[in-house]
Amino acid sequence: MMKPIVGLFALAGLLLAQPSQPPLDDQARLQWFQDAKFGIFVHWGAYSVIGRHEWARHRFQIPQADYDVYARQFNPVRFNADQWTSLFERAGAKYVVITSKHHDGFGIWRSKVSDYDIEITPYPGDPLKDLAKAAPRHNLRLGFYHSIMDWHHPAYRPRRAWESKDPNAGGDNNAYVDYMKAQLRELLTGYGDVAVLWFDGEWEHTLANLKRDDEIYSYIRMLQPNTLINDRLYERKPGSRADFGTPEQFVPATGIKSPDGKDALWESCVTVNMDSWGYNKYETNFKTERDLIRMLVEVVSKGGNLLLNIGPKPDGSIQQEFVTRLEAMGDWLQVNGESIYGTKASPFSRLPFFGRATQKDANLYLQVFAWPEDGQLRVPGLKNLVHSAYLLADPKKTPLSWRRDGADILIGVPKLAPDDRVSVVALRLDSPPLVEPFLIRPDVQGNLSLGVAASEIETRFEQRAKKENALGHVFLTNWTRPDDIPTWNFEIPKAGAYRVEVSYGATRTGKDKDYVVSVGGTSVNGKIVETGGEWVFHAQRLGVLHLAKGAHSLQVKSAGTQGLDGVTLERVLLVPVI
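Presented here is a report on the structure given in the accompanying data block. (Residues numbered from 1 in each chain as written. Predicted model: local features only at pLDDT ≥ 70, side-chain atom pairs only at ≥ 80, totals over all residues. Heavy atoms only, no water.)

Remarks on the sheet that holds strand S13 (residues 408-412)
And step 1. Strand order in the open sheet formed by three strands is S10-S13-S12, and the pairing between neighbours is antiparallel. Only two strands of the sheet have a single neighbouring strand rather than two, namely strand S10 (376-379) and strand S12 (402-405). Averaged over all pairs of adjacent strands, the angle between their axes in this sheet comes to 25°, without regard to strand direction.
And step 2. As paired elements, S12 and S13 share four bridges and run antiparallel to each other. Looking at S13, one finds that Asp405 is bridged to Asp408. (Pairing = 2+ DSSP bridges. Helix = DSSP H or I, 4+ residues; strand = E, 2+ residues; numbered from the N terminus. Axes fitted to C-alpha atoms, helices over the stretch in contact; angles between N-to-C directions.)

Following this line, the structure appears as structure tokens:
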């Protein structure tokens, strides 16, 4: 049974702090989020005691009474809000979003309207209250993830299919939403200025079916007019009143646009580990420091924010795999943060080198992943006058040489990269960057070389494929999912027939794998064969594509339902057939 919600409005005098900021217009309200670029996501709750997955109760079909045994064991005796927020500050994050309540219904604050929260545990404190006090001391804004779903509340429907013959029978979702509003009021009046309310669980259509999503939106705005609200309140529908979009476990190929074609605010939420958001004591697979730094750069170059998730242990400590990676990101940002914070998306749709770009006023930042072996970094179609060029990692800001080469700028760089993860070249220009559109075009022999560096990965939830570089090669690796599809945009001056050659490396896979190279409605098929190793690249000749004059988009993808595990794609070459 839930505690009665009557009398809640009389609690204001007992709460931590009231919102202190006056209402802002939309531009001012959103500005901090646009500038921040990097936040920490924290999934932490009763499921952490099980240590397998935040969906543990559902995945393992644990009866509510049995799950409650784990909930009562939640006792974060090693939790220290200042230690957490100090780590996040050292990582270079500007905000943190923590799960106030996940789908299991367990709240990690001392709720006056629920009997299913941290009050049923041995822990005497209120972690959210501690974080609300600590976050400002470490220059962080604090937000709350709050699940619309609730597997525990007696009024919520649907129940889980495995625990009820008729999951939709009974219940009263209107009563449940009233309860949810009461909890939101606690969070919005008792924990200071709440930067973000991050909803989840929208796919069960609770608010939309009741037509109460706008009501919740207006309620939040009444209590804290400056709080940002994510798109899951509105089932991720474009053009809603939400402040930002939330792609999950992937980076959109070209950022996100609103229905009117304008750039939209968005935030990729991604885990450091691979298998779960909550604490997983069995996890052995973690993204590398290089992966995470490059992901941050990629997200920011496309106009987004990165919300990087960790799952603390049930005792409140943070495992070392997370700590070392966050500190590495902070070390990189100490040197190169100028190219991240407060920047705008890249002015380039594509780049000829393996890397990304951002801009800020009359400054252009080139984040280089694979350092040019010939000592020349090509910046395509830059129309501006260049006042200076230098490495952000160089404390003396020693000028780099540069010269014009047609429409491009060639920058002379040292032989060795300052940082083999990401090195940043800064250009001071006469005005904000002005660039000509860059499309891959044929070389003097008429060949089109489509290297992986110039591709974007069309993908969705649970992206695994990534671009990597080693030993002078740039390639696509970890190609385990058929939904991860490398894509190139290019242009040809006249219609013609082109033979397709694909360069890849492949380990012994036990059986051949089929793949498809497609342009529009035409395609050719290939069959993967072993090359001697993933970094041993061989060119394979396929069939002929007949292409019209103009712009095209080419994709390489698995021909079956599985990905191309054990295959590293280097490039596609289109050779004119005479």
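With respect to the packing of aromatic side chains
And step 1. Taken as a whole, this structure holds 26 aromatic pairs when the rule is applied.
And step 2. Aromatic pair Phe79 and Trp84: ring centres 4.8 Å apart, planes at 85°, arrangement edge-to-face.
And step 3. Judged by its relative accessible area of 3%, Trp84 is buried.
And step 4. Judged by centre distance (5.1 Å) and plane angle (75°), the rings of Tyr156 and Tyr176 are edge-to-face. With a gap of 20 residues between them, Tyr156 in the loop between strand S3 (141-147) and helix H7 (173-190) and Tyr176 in helix H7 connect regions that are remote in the sequence.
And step 5. By relative accessible area, which is 0% here, Tyr156 ends up buried.
And step 6. Note that Lys181 overlies the ring of Tyr219, its terminal NZ or CZ placed 4.5 Å from the centroid. (Phe/Tyr/Trp six-rings, centres within 6.5 Å; stacked < 30°, edge-to-face > 60°. Buried < 20%, exposed > 50% of the residue type's maximum accessible area, 1.4 Å probe, protein only. Lys NZ or Arg CZ within 6 Å of the ring centre and 35° of its normal.)

Description of the nonpolar core
And step 1. Of all hydrophobic cores here, the largest spans 131 residues; its most connected members are Phe38, Phe88, Ile98, Trp488, Leu554 and Leu574.
And step 2. Of all the elements, H7 adds the most residues to this core, at eight residues.
And step 3. With near-sequence residues (within four places) excluded, Leu574 lies in contact with Gly446, Asn447, Leu448, Leu450, Phe490, Tyr498, Arg499, Val500, Leu547 and Leu554.
And step 4. Formed by 21 residues, the second largest nonpolar core is a distinct cluster that contains Leu364, Leu366, Ala389 and Leu391. (Core = buried A, V, L, I, M, F, W, Y, C linked by side-chain atoms within 4.5 Å. Contact = heavy atoms within 4.5 Å.)

Description of the environment of Val69
And step 1. On the secondary structure map, Val69 appears in helix H4 (residues 64-73).
And step 2. Judged by relative accessible area, which is 44%, Val69 ranks as partly exposed.
And step 3. The sequence separation of Val69 and Gly304 amounts to 235 residues, and the corresponding C-alpha distance is 40 Å.

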